Amino acid sequence: MTRFLPTPKSALDIPDTPDLDRMRRETGARLRSAMADRGVDALILLGNNSVVYATGVSWPLGDAGLSYVERPVAVVLTDDPYPHLFLPFREGAASESGLPADHLHGPVYLEFDEGVESFARVVEDLVPAGAVVAVDELTGAMRRAQPRLFRSGRPADAAQIIGAAKLIKTPDELSCMRIACRITDEAMVDVQAALAPGIRQIELSAGFMRRAFELGAMASMLEPIWQVMPSSKADGVWTTHGDLALPLLTTERELVAGDVLWTDVSITYQGYCSDFGRTWLVGQDPTPRQQAQFAKWREILDAVLDVTRAGATAAELGRAATKANGGTRPWLPHFYLGHGIGVNAAEMPMIGTDLGDEFDENFVFEPGMVVVLEPVVWEDGTGGYRSEEIVVITEEGWIPLTDYPYDPYGER
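Residues numbered from 1 in each chain as written. Predicted model: local features only at pLDDT ≥ 70, side-chain atom pairs only at ≥ 80, totals over all residues. Heavy atoms only, no water.

(A) Highlighting unusual backbone geometry. The residue after Leu 246, namely Pro 247, is reached through a cis peptide bond having omega 0°. Among the secondary structure elements, Pro 247 is positioned in the loop between strand S7 (219–228) and strand S8 (260–269). Across the junction of Asp 407 and Pro 408, the peptide omega takes the value 10°, indicating a cis bond. One can find Pro 408 in the segment after strand S17 (398–400). The residue Gln 270 is not glycine, and still its phi comes out positive at about 55°. Residue position: Gln 270 is located in the loop between S8 and strand S9 (272–273). Overall, the relative accessible area of 15% leaves Gln 270 in the buried class. (Helix = DSSP H or I, 4+ residues; strand = E, 2+ residues; numbered from the N terminus. Buried < 20%, exposed > 50% of the residue type's maximum accessible area, 1.4 Å probe, protein only.)

Below, the structure written as structure tokens:
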């Protein structure tokens, strides 16, 4: 199988093996700097990905119930280099954190009034009176106890602080992401080899998950998608925006020859995500029309990569993609041309979303930001073409984190 991404415009020193202690120090410093910039003295974090970023502890997502009742919680102070971490009971979790013993605490249950009352007493000891506090989520019990829990008044939005801190990745974060991508790519080799008429979508998922975890994946961030695309928008699932539906959940559907699959998966390594998207064909080679769609997709991608660099705006990338597609936006209306990635499978920056043109015009890329580019080419009668490429922004251009071929499509 042949790789066809163009030669990147610059190099960046990404370590083969991440230094996790250094990564925690550097991301912690970025987070506290973002807090200071916004005049926030303390963060209370409940969201799994926020806690992963703030503490460095990789917590595999639980099921829909346990992920809320039993989840880690973090308290971050601007004048303390170590976050306070409240962990559910899990073998080895405390030793993974690298935190001092007095910063590790037992579980808190913030869905319950009694749990919030107990947590409020802990916060009172950790956070000085009058401190400005921000929180990323509020449970019902926390809302009922706001005067007790937030003594200095209504809390600020921690999501804005976390988002600002995460925008630029450290070399060790990039190393974790590259390893996550390599795990995903290697696991996909076996999955694509098994692709044949008669196999079920869930069998593809099972094969991928087993191989990915054998290779070192730590959590699944996205249920694997192997979506069979309709030959016409009129034949597809109804949507409010009148365009294609994506993603649709995997089922026991058996694949048949000629099915066009849009794939999408994400796993984590040390809390950092991969993102994999390709278009596959079941049991046959692409038709000339499908080959032409792939060529158009490559033309769009190349046009975007030509302007991708530090100092470019999100709007410039969007305009390049639109121009290469003859004046029409080559992405799904409910998604984007591109998105960031890190401890979330999709995070800032976003390109071409309903945040609007003004946001895109004012968002300037900086070295160390990471973007997943995912243009879409559609023509009724073909099933369309979509793939994803992850690139790191550098001073001179970009470097790729993904390295998977486009089989069974041609080079151009």
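On we go.
(B) Just the packing of helix H9 (residues 171–194) against helix H10 (residues 201–214), in detail. Look at H9 against H10: their axes get within 9 Å of each other, and the N-to-C directions meet at 135°. With respect to H10, the element H9 is oriented oblique. Between H9 and H10 lies a crossing whose hand is right-handed. Contacts between H9 and H10 involve Ile 183, Thr 184, Glu 186, Ala 187, Met 188, Asp 190 and Val 191 from the first element and Leu 204, Gly 207, Phe 208, Arg 211 and Ala 212 from the second. Residue composition of the contact of H9 with H10, grouped by class: 7 nonpolar, 2 polar and 3 charged. (Axes fitted to C-alpha atoms, helices over the stretch in contact; angles between N-to-C directions. Parallel < 35°, antiparallel > 145°, perpendicular 65-115°, else oblique. Left-handed = near helix turned anticlockwise from the far one by under 90°. Contact = heavy atoms within 4.5 Å. Nonpolar A, V, L, I, M, F, W, Y, C, P; charged D, E, K, R; others polar.)

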